[in-house]
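Structural characterization, general
So you can see what is in the structure, the chains are spelled out below.
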Amino acid sequence: MFKKTTFKVKRLALATSLLAVTAAANASYTIKLDDGDSLTFGGYIKVDARYMNGNIAANDYFYGGGTVLDSDISNFGISANETRFNTKYTHGDVTGFIEIDFYGDGVAGGGNEIISNSSKPRLRHAFVKYKDILVGQTWTTFQNTSSLAEAADFAGPLVASAFIRQGQIRYTNGGLQLSIENPETYGGVHGDDSIPDFIGKYTFSGDWGNVSVAGLVRQLQTTGGSETGVGVGVAGRINTFGKDDVRFQVHAGNTGRYVGVTAATDVVGDEVEESVSIMVAYRHFWNETLRSSVFYGNTTTDLSDRDRSHFGVNLFQSLTKQLSVGVEVGNFDMANATSASGTTTGGDSTYVQLSTKFVL
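Residues numbered from 1 in each chain as written. Predicted model: local features only at pLDDT ≥ 70, side-chain atom pairs only at ≥ 80, totals over all residues. Heavy atoms only, no water.

1. Some words on the confidence of the model for the protein
Averaged over every residue, the pLDDT of the protein is 91; the share at 70 or more is 92%. For residues 1-26, every residue scores under 50 in pLDDT, and the model assigns this stretch 14 contacts once sequence neighbours within four places are set aside. (pLDDT = per-residue confidence, 0-100. Contact = heavy atoms within 4.5 Å.)

Printed below as a string of structure tokens:
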């Protein structure tokens with residue numbers, strides 16, 4: 001009887017806490033449970049107003065690809081699809097984490113602008129971590145998330161950034177991380193990947209920042225059989241003057257779908273694609289609440305002869321600890337891409353984006 005009563009009290013306390021969380025969204029919330037357990041809620045609300053002009057089809061953010069048009073267009077839109085919500089449950093040495101956003105149908109999120117602009121939720125992370133072992137979907141071990149540029153456009157120059165979330169089993173020991181991850185051959189034979197991708201990374205870190213060195217080995221399925229792909233990457237964030245920092249990524253080899261978000265395929269016909277990607281960003285604090293980043297990213301490929309780049313500059317103002325507003329101007333270029341009609345080669349679009357972000 002006592003156990004049942006205690007359980008009811010716990011459920012009532014949790015329900016009350018959840019109501020408090022939904023009633024006030026101005027900070028991340030941690031609910032303390034019994035025996036050191038805790039439940040944490042976080043995320044942010046982000047609203048973007050975006051104007052584009054050029055001959056690349058309009059989208060909510062630039063990644064490594066796009067549709068080249070035969071003539072220039074202008075487009076303005078307002079979107080809140082980047083908004084996200086996450087929950088973390090901690091039980092001793094065990095941590096469970098789930099996160100969603102609302103880009104559930106590619107870049108535009110599946111919103112219907114005619115009726116209600118509803119957008120589909122998308123699973124970003126879902127993993128369990130026990131001591132040094134992580135199992136589930138999260139950022140690939142090949143990626144150094146601290147090196148991503150701060151940008152209004154979603155994650156900045158994705159065209160040259162390592163950027164994948166996928167299922168994996170990861171072991172961590174200090175700066176060393178080893179993992180086996182979900183295989184997939186982009187541009188090759190789908191559904192015939194029988195060997196997982198193998199990734200190793202070591203991160204050097206200190207008060208100065210961090211630098212990681214990563215390696216990737218994969219079996220890729222071509223139209224004529226299978227080939228081995230090997231890729232390498234060096235990335236990091238280094239502190240410079242005051243609160244400023246420089247962020248960078250350099251990747252080369254058969255990185256394929258791991259870098260550039262469709263900027264490069266894994267294979268072209270029977271051959272494995274080689275690519276080189278370079279990303280650099282500098283963030284400067286003008287004062288305690290005002291900061292800017294300037295960034296550039298470029299990916300080139302060997303077999304498919306792709307050349308894609310993205311640069312931008314922004315200014316963010318923190319109005320409160322949780323609320324910030326910003327403006328960004330940039331350009332995305334697909335030098336050798338061809339329009340569907342085949343009459344236009346090369347596309348680029350310039351954009352101006354205003355963002356409001358409220359961290360929960």
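Still more to cover.
2. A few points about the nonpolar core
In this structure, Phe62, Phe295, Phe332 and Met334 are the most contacted members of the largest nonpolar core, which totals 16 residues. Taken together, the elements giving at least two residues each to this core come down to strand 2 (38-56), strand 16 (275-285) and strand 19 (323-338). Examining the composition of this core, we find that three residues originate from one element, strand 19, more than from any other. Beyond its immediate chain neighbours, meaning those up to four positions away, Phe62 contacts Arg50, Met52, Ile56, Asp153, Gly156, Leu158, His310, Phe332, Ser349 and Tyr351. (Core = buried A, V, L, I, M, F, W, Y, C linked by side-chain atoms within 4.5 Å. Buried < 20%, exposed > 50% of the residue type's maximum accessible area, 1.4 Å probe, protein only. Helix = DSSP H or I, 4+ residues; strand = E, 2+ residues; numbered from the N terminus.)

3. Quick look at the side chain of Thr141
Counting through the fold element by element, Thr141 comes out in the loop between strand 7 (133-139) and strand 8 (165-173). Note on Thr141: relative accessible area 1%, which makes it buried. Here the side chain of Thr141 touches Gln168 through a polar contact of 3.2 Å, side chain to side chain. In this structure the side chain of Thr141 is engaged in a polar contact, spanning 3.0 Å, whose partner is the side chain of Arg170. Setting aside residues up to four positions removed in sequence, Thr141 forms contacts with Gln168, Arg170, Gln177, Ser179, Glu181, Ile199 and Lys201. (Polar contact = N/O pair within 3.5 Å; in protein donor to acceptor, adjacent residues only side chain to side chain.)

4. Observations concerning the environment of Arg170
Here Arg170 lies in strand 8. For the pair formed by Arg170 and Val135, sequence separation is 35 residues and the distance between their alpha carbons is 6.6 Å. Dropping the residues within four chain positions of it, Arg170 is found in contact with Asp132, Ile133, Leu134, Thr138, Trp139, Thr140, Thr141, Gln177, Leu178 and Ser179. One polar contact links Arg170 to Gln168, side chain to side chain, over a distance of 2.9 Å.

5. Description of the pattern of salt bridges
Side chains carrying opposite charge are able to pair once their charged atoms draw close together. Inspection of every chain in the model, using the stated rule, returns 14 salt bridges. Residue Arg283 is joined to Glu150 by a salt bridge in which the shortest nitrogen-to-oxygen separation is 3.4 Å. Of this pair, Arg283 sits in strand 16 while Glu150 sits in the loop between strand 7 and strand 8; the two residues are 133 residues apart in sequence, bridging distant segments of the chain. Across the pair, exposure class does not vary: Arg283 and Glu150 are buried alike. A salt bridge links Arg218 to Asp197, with the shortest nitrogen-to-oxygen separation between them at 3.5 Å. Residue Arg218 is located in strand 11 (residues 209-222), and its partner Asp197 is located in strand 10 (residues 197-206); the two are separated by 21 residues in the primary sequence. Across the pair, Asp197 and Arg218 agree in class, each one buried. It is possible to trace a salt-bridge network through shared partners that takes in Glu150, Asp245, Arg247, Arg283 and Arg291. (Salt bridge = Lys/Arg side-chain N within 4 Å of Asp/Glu carboxyl O.)

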